[in-house]
Amino acid sequence: MVRSELGEGENDYIVIVSNDSIMTPPYEINNAILKLLTAISEKIGAVNANYLNRPSPELRKQNRVKTIKASLEIEGNTLSEDQITAIIENKRVIGPEKDIIEVVNAIEVYEQLPKLNPGSLKSFLKAHQLLMKGLPQSSHPAVPIHEWVDEFNLVVHHTTLYQHW
C-alpha cells in the first residue's frame, strides 16, 4: 500500500510504503503492449531529434559563417566573419573582389550540399565548379584528374585527361 499526504510544510509530503502486498497493474503486459510501447518510444525519439533538440537558427548561421571563413582562409581569403555574415544577409561589403566571389560561391555550395553525393565524382566536380564560378582562370589551373582521384582513393578508369574548369 502506498499513501501520501501533505506534511507540515507547504511542499512536504509524507509517503507511507507498505511491503505487505505487491501492487499489480490493472492490465497484463503482453507482446502487443510491448510493440505499442516501442512504437511510442520511437515516435518520442523522432520528435526530440527533429523538433526539441534543434540548434537555434542563429547558432546554425554562426557555424556556417565560421566554417566558410575557415575553409576560405586556408586559400588566403581575407574577409572577416562580420563581412561573411553581411554577404549572407545580402548586404554590401568592401573587400577584394576575388574574396567576395569566393564567399558567394561557398554559400552557394553550402546551399547545394543536400543535393550532392559525397561519394560521387560528378558531385565533387559540381561543387568545385560552383566554388570556382566567376574567378579568374589563373586561380584554378587545370589539374590531372588521376592525381586527386589517387589522393582520395577513388576508383575510376585511369585517364590522363585534364579537367579544365
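S.K.: So what exactly am I meant to see when it comes to the confidence of the model for the chain here?
M.R.: Low-pLDDT portions of the prediction should not be read for the details of their coordinates. Overall, the predicted model of the chain reaches an average pLDDT of 76, with 66% of residues at or above 70. Segment residues 155-165 is flagged for pLDDT under 50; beyond a separation of four residues in sequence, or across chains, it makes 21 contacts in the model.

S.K.: Please explain the packing of helix H2 (residues 57-73) against helix H4 (residues 97-112) as it appears in this structure.
M.R.: Direction vectors running N to C along H2 and H4 enclose 125°, while the axes themselves pass 10 Å from each other. Between H2 and H4, the crossing angle belongs to the class labelled oblique. For the pair H2 and H4, the crossing hand works out as right-handed. In contact with Arg64, Thr67, Ile68, Ser71 and Leu72 of H2, H4 contributes Glu102, Val103, Ala106, Ile107, Tyr110 and Glu111. Residue classes in the contact of H2 with H4 are distributed as six nonpolar, two polar and three charged.

S.K.: Even after reading the chapter, I still don't get the pattern of salt bridges, so can you show me in this structure?
M.R.: A side chain with one charge may pair with a side chain of the opposite charge, provided their charged atoms come close. In the structure shown here, the tally under the stated rule is five salt bridges. Lys91 is the salt-bridge partner of Glu89, the closest N and O atoms lying 3.1 Å from each other. One salt bridge connects Lys98 with Glu102, and the closest N-O pair in it is separated by 2.8 Å. One end of the pair is Lys98 and the other is Glu102, both in helix H4 and four residues apart, which spans about a single turn. Taking relative accessible area as the criterion, Lys98 reaches 32% and is therefore assigned partly exposed. Through salt bridges with shared partners, one network takes in Lys61, Glu89 and Lys91.

S.K.: What's the story with the packing of H4 against helix H5 (residues 121-132) in this structure? I'm lost.
M.R.: To characterise two packed helices, one gives the angle between the axes of the helices and the distance between these axes. Direction vectors running N to C along H4 and H5 enclose 150°, while the axes themselves pass 7 Å from each other. It follows that H4 is roughly antiparallel to H5 by the angle criterion. Crossing hand, H4 versus H5: right-handed. Mapping the contact onto sequence places Asn105, Ala106, Glu108, Val109 and Gln112 in H4 and Ala127, Leu130, Leu131 and Met132 in H5. A per-class count over the contact of H4 with H5 returns six nonpolar, two polar and one charged.

S.K.: Would you take a moment to explain the side chain of Asn105 for this structure?
M.R.: Mapping Asn105 onto the fold places it in helix H4. Asn105 has contacts with Leu130, Leu131, Met132, Lys133 and Leu135, leaving out every residue within four places of it along the chain.

S.K.: Looking at this structure, how should I read the nonpolar core?
M.R.: Soluble globular proteins: nonpolar side chains tend toward being buried together. Val65, Ile68, Leu72, Leu79, Ile84, Ala86, Ile87, Val93, Val103, Ala106 and Ile107 together form the largest nonpolar core, which totals 11 residues. Residue contacts for Val65: discarding those within four places in its chain leaves Glu81, Ile84, Thr85 and Ile88.

Basis of the calculations
Residues numbered from 1 in each chain as written. Predicted model: local features only at pLDDT ≥ 70, side-chain atom pairs only at ≥ 80, totals over all residues. Heavy atoms only, no water. pLDDT = per-residue confidence, 0-100. Contact = heavy atoms within 4.5 Å. Axes fitted to C-alpha atoms, helices over the stretch in contact; angles between N-to-C directions. Helix = DSSP H or I, 4+ residues; strand = E, 2+ residues; numbered from the N terminus. Parallel < 35°, antiparallel > 145°, perpendicular 65-115°, else oblique. Left-handed = near helix turned anticlockwise from the far one by under 90°. Nonpolar A, V, L, I, M, F, W, Y, C, P; charged D, E, K, R; others polar. Salt bridge = Lys/Arg side-chain N within 4 Å of Asp/Glu carboxyl O. Buried < 20%, exposed > 50% of the residue type's maximum accessible area, 1.4 Å probe, protein only. Core = buried A, V, L, I, M, F, W, Y, C linked by side-chain atoms within 4.5 Å.

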